[in-house]
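Per-entry structural report
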Amino acid sequence: MKPLTEQEIRAAFVNCTKGEAKRLSVPRDLAAKPWDDLDYLGWRDPQAYDRAYLVTLLDDRPRAVALRCPTPASWQTQRGMCSLCLTSPADGVSLMVAPKAGKARQQGNSVGTYICSDLACSLYVRGKKDAGAGARLHESLTLEEKIERTTANVAAFLAKVTA
């Protein structure tokens, strides 16, 4: 993924108003992100942990979605499988729900999927972050094929949000 600026990220949101995009919390350490190892940039809002954000490139244009997710509690930790990267991280997965874009958003429609709670799918796929014992199933796919699958899953999720 190519490095993005704060302005590019804020302008890329498809499922919130310009005012909401202007007020949301963007990571301050954008320059330090491992952009070459990211299929998408994901983060939790440090002021409101039930909010998360995901930004990716589709057709070389940044696209971003605002997500709602449960706040973690020790009794809630679910070691399920992430729908994007097919990892079962020790930190668990969360059901992340995105309001749909456009008129569907005004009607209160949303779409959800299970995503790694820390939004570190790209790093798990590449082996740059340890997901814990038994978190990744043995596959005969190459790393490039796993990356392509993750990218396709992210694009499919965004397509549901904008449909």
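My aim in this report is to walk through the structure given alongside it, one point at a time. Every chain begins its residue count from 1, and numbering advances along the sequence as written. pLDDT decides what is reported in this predicted model: residues at 70 or higher carry local features, side-chain atom pairs at 80 or more are listed and counted, and totals for whole chains, interfaces and linings draw on all residues regardless. Side-chain figures throughout are based on the complete set of non-hydrogen atoms in the structure, without hydrogens or water.

Considerations on the overall build of the chain
Numbering of helices and strands runs from the N terminus, with a helix taken as a DSSP run of H or I at least four residues long and a strand as a DSSP run of E at least two residues long. Assigned secondary structure in the chain consists of five helices and five strands. Going residue by residue from the N terminus, the α and β elements of the chain occur as α-α-β-β-β-β-α-β-α-α. Both definitions apply: the radius of gyration is a C-alpha atom measure, and the globule rule equals 2.2 Å times residues to the power 0.38. For 163 residues, the compact-globule estimate of 2.2 N^0.38 gives 15 Å, and the C-alpha radius of gyration of the chain, at 15 Å, lies within 12% of that figure. The dimensions of the chain, computed from C-alpha atoms along their principal axes, are 45 × 35 × 30 Å. In this scheme, a residue with accessible area under 20% of its type's maximum is buried, one over 50% is exposed, and one in between is partly exposed, where area comes from a 1.4 Å probe on protein chains only. Burial statistics for the chain: of 163 residues in total, 44% are counted as buried. Two residues qualify as a contact provided that any one of their heavy atoms is within 4.5 Å of a heavy atom in the partner residue. At a minimum sequence separation of 6, the contacts of the chain that also span at least 24 residues come to 57%. Approximately 8900 Å² of the chain is accessible, and the part contributed by carbon and sulfur atoms is 50%. Charge separation in the chain, taken as the distance between the mean sites of 23 positive and 18 negative side-chain charges, equals 8 Å. For accessible areas, the Shrake-Rupley method is used with a probe of radius 1.4 Å. Any residue's cover is judged against the shown protein chains and nothing else. Only four residue types enter the tally: Lys and Arg on the positive side, Asp and Glu on the negative side, with His and both chain ends excluded. Working definition for charges: the position is that of NZ of Lys, CZ of Arg, CG of Asp or CD of Glu.

A word on the packing of aromatic side chains
Only rings of Phe, Tyr and Trp enter the pairing, Trp through its six-membered ring, and a pair is recorded when the two centres are within 6.5 Å. The plane angle decides the type: under 30 degrees is stacked, over 60 is edge-to-face, the rest tilted. Counted by the stated rule, this structure contains two aromatic pairs. Judged by centre distance (5.3 Å) and plane angle (40°), the rings of Trp43 and Tyr53 are tilted. Of the two residues, Trp43 sits in strand β1 (residues 41-44) while Tyr53 sits in strand β2 (residues 51-58), which places them 10 residues apart along the sequence. Like Trp43, the residue Tyr53 is buried in the burial classification.

Some points on the state of the cysteines
Two cysteines, two sulfur atoms, one covalent bond between them: this is a disulfide. Note on disulfides: each one is a pair of cysteine sulfur atoms within 2.5 Å. Counting across every chain of the model gives zero disulfides. Among the cysteines around Cys16, which has no disulfide bond, Cys69 carries the closest sulfur, lying 15 Å off. Unpaired in this structure, Cys116 has its nearest cysteine sulfur neighbour in Cys85, at a distance of 3.6 Å.

Considerations on unusual backbone geometry
Backbone geometry places Leu86, a non-glycine residue, at a positive phi of 60°. Tracing the sequence through the fold places Leu86 in the loop between β3 (61-68) and β4 (93-99). Classification of Leu86 by relative accessible area gives partly exposed; the value is 29%. Backbone geometry at Leu119 places phi at a positive 55°, although glycine is not the residue there. On the accessibility criterion, Leu119 (5% relative accessible area) is buried.

Regarding the pairing of β1
Burial along β1 is two-sided: Leu41 and Trp43 facing one way and Gly42 and Arg44 facing the other are all buried. Sheet analysis places β1 next to β2, joined by four bridges and oriented antiparallel. Looking across to β2, one finds that Trp43 is bridged to Tyr53. In this structure, the hairpin formed by β1 and β2 is closed by a connection of six residues. Whether two strands pair comes down to DSSP finding at least two bridges between them.

Brief notes about the pattern of salt bridges
Counted as salt bridges are all cases of a side-chain nitrogen of Lys or Arg within 4 Å of a carboxyl oxygen of Asp or Glu. Taken as a whole, this structure holds eight salt bridges when the rule is applied. Lys129 serves as the salt-bridge partner of Asp118, at 2.7 Å between the closest nitrogen and oxygen. Note that Asp118 is positioned in the loop between β5 (110-116) and α4 (121-125) and Lys129 in the loop between α4 and α5 (143-162), a separation of 11 residues in sequence. Judged by its relative accessible area of 32%, Lys129 falls in the partly exposed class.

The values reported here are purely geometric and, on their own, carry no functional implication.
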